[in-house]
Amino acid sequence: MSAGAGTLLGHHWRRHRTALVMLCLGMALFQGIITRVAPSPEQASFLRNLLRMAPGPVLQALGEQITANLSARGFLAFFYVHPFPLLMLAVWSIRVSAGALAREIGQGTMDLIAARPVTRASQVTAALIALLAGLALIAAAAWAGTAIGLLSRPIPEVVATDYLPAAFQLWLLFAAFGGVGLLISASRKEGGPAIALLAGLMAVSFALDYLARVWQPIHGLRPLSLFRYYDPQAILRQGLAGADALVLVGVAVVTALAAYAVFARRDL
């Protein structure tokens, strides 16, 4: 990493450090509390027996998903795809990637940066490192909350390390969104529109994934959503899916490279 990129990385740290600390603490606290309310084996068995009394159509539509969540393992995995942890990582992804380049231009600070001996590639590199490092810390905080919670309340057959692949895939998901955000930011002159566009794309992607799972006529559109490639419960049962990880890595790499190319050629 060049000296210029290191200086810019310090700039990102000073701008975002308070938000990063709060996001990490919130994520760890949330996952830690979830371990306290996870069902014990006896409670899970009782609820599964109760579920078997539900009408056939209800079981057919919801039984598999609900039954998976009734075990402590499935319950904890579900909260890796709960809206709260998704929102925590989305906030960082949007804040850093979509605002990193466009916001500097809109606020006029890009003129000061451009006056220094710093290449445009270094500016994108600093934003990319800040994005990925922050996402890694927030995802690690999620896993740390689970691990600490399980230390204070051990649950039979539940091991904290089982959730490391889910935390890693969660990082990959928002690294892909972050790459999209960097590309958007590299092509915009104002931070507000860039942030709004990335937030809108995330919302549409989430809605498409949900609707495609419950409404058969649009099921074939589900691969268009990045959320399709993140399923913590499947990861817990079968391990990390290489194909899903490859898609997320591919999106992150392609969009980040495109951000370098677009930012190098645009007017500031």
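Everything discussed here concerns the structure shown above.
Residues numbered from 1 in each chain as written. Predicted model: local features only at pLDDT ≥ 70, side-chain atom pairs only at ≥ 80, totals over all residues. Heavy atoms only, no water.

Peer 1: How do you make sense of the packing of helix α5 (residues 83-100) against helix α9 (residues 164-186) when you look at a structure like this?
Peer 2: Between two packed helices, what matters for the description is the angle formed by their axes and the separation of those axes. Contact pair α5 / α9: the axes reach a minimum separation of 8 Å and the direction vectors enclose 25°. As the angle between them shows, α5 and α9 are arranged roughly parallel. The handedness of the crossing between α5 and α9 comes out as right-handed. Across the interface between the two elements, L86, L89, A90, S93, S97, A98, G99 and A100 of α5 pack against L170, F174, F177, G178, G181, L182 and S185 of α9. (Axes fitted to C-alpha atoms, helices over the stretch in contact; angles between N-to-C directions. Helix = DSSP H or I, 4+ residues; strand = E, 2+ residues; numbered from the N terminus. Parallel < 35°, antiparallel > 145°, perpendicular 65-115°, else oblique. Left-handed = near helix turned anticlockwise from the far one by under 90°. Contact = heavy atoms within 4.5 Å.)

Peer 1: Any chance you could explain α9 here in plain terms?
Peer 2: Helical periodicity: at 3.6 residues per turn, an α-helix aligns residues three or four positions apart in one direction. An ideal rise of 1.5 Å per residue puts 33 Å on 23 residues; α9 measures up with 32 Å between its terminal C-alpha atoms. A large share of α9 lies buried, amounting to 18 of its 23 residues. (Expected span 1.5 Å × (residues − 1). Buried < 20%, exposed > 50% of the residue type's maximum accessible area, 1.4 Å probe, protein only.)

Peer 1: Quick question: what am I supposed to make of the nonpolar core here?
Peer 2: A general feature of soluble globular proteins is that nonpolar side chains tend to end up buried together. The biggest cluster of nonpolar side chains holds 64 residues, and the ones touching the most others in it are L76, W92, I138, L173 and F174. Broken down by element, this core gets its largest block of residues, 13 residues, from α9. Contact partners of I138, with chain neighbours within four places excluded, come to L20, L23, C24, M27, M88, L89 and W92. (Core = buried A, V, L, I, M, F, W, Y, C linked by side-chain atoms within 4.5 Å.)

Peer 1: Even after reading the chapter, I still don't get the layout of surface pockets, so can you show me in this structure?
Peer 2: Space inside the second largest pocket adds up to approximately 160 Å³. Secondary-structure elements contributing two or more residues to the lining of the second largest pocket are α5 and α10 (191-214). In terms of residues, the lining of the second largest pocket owes the most to one element, α5, which gives five residues. Tallied by class, the residues present in the lining of the second largest pocket amount to 11 nonpolar, no polar and no charged. (1 Å grid on protein atoms, 1.4 Å probe; cavity = no way out; pocket = protein on both sides within 12 Å on 5 of 7 lines; lining within 4 Å. Points joined across faces, edges and corners; volume = space filled by probe spheres on them. Nonpolar A, V, L, I, M, F, W, Y, C, P; charged D, E, K, R; others polar.)

Peer 1: How should I be thinking about the pattern of salt bridges in this particular structure?
Peer 2: This structure, assessed with the given rule, holds four salt bridges. Between R222 and D209 there is a salt bridge, with the nearest N and O atoms lying 2.7 Å from each other. Taken together, the positions of R222 in the loop between α10 and α11 (232-238) and D209 in helix α10 put the pair 13 residues apart, joining distant regions of the chain. In this structure, R228 and D244 form a salt bridge, with 3.5 Å as the shortest nitrogen-oxygen distance. One end of the pair, R228, is in the loop between α10 and α11; the other, D244, is in helix α12 (residues 242-265), and 16 residues separate them in sequence. With a relative accessible area of 28%, R228 lands in the partly exposed category. Counted as one network, the salt bridges with shared partners bring together D209, R213 and R222. (Salt bridge = Lys/Arg side-chain N within 4 Å of Asp/Glu carboxyl O.)

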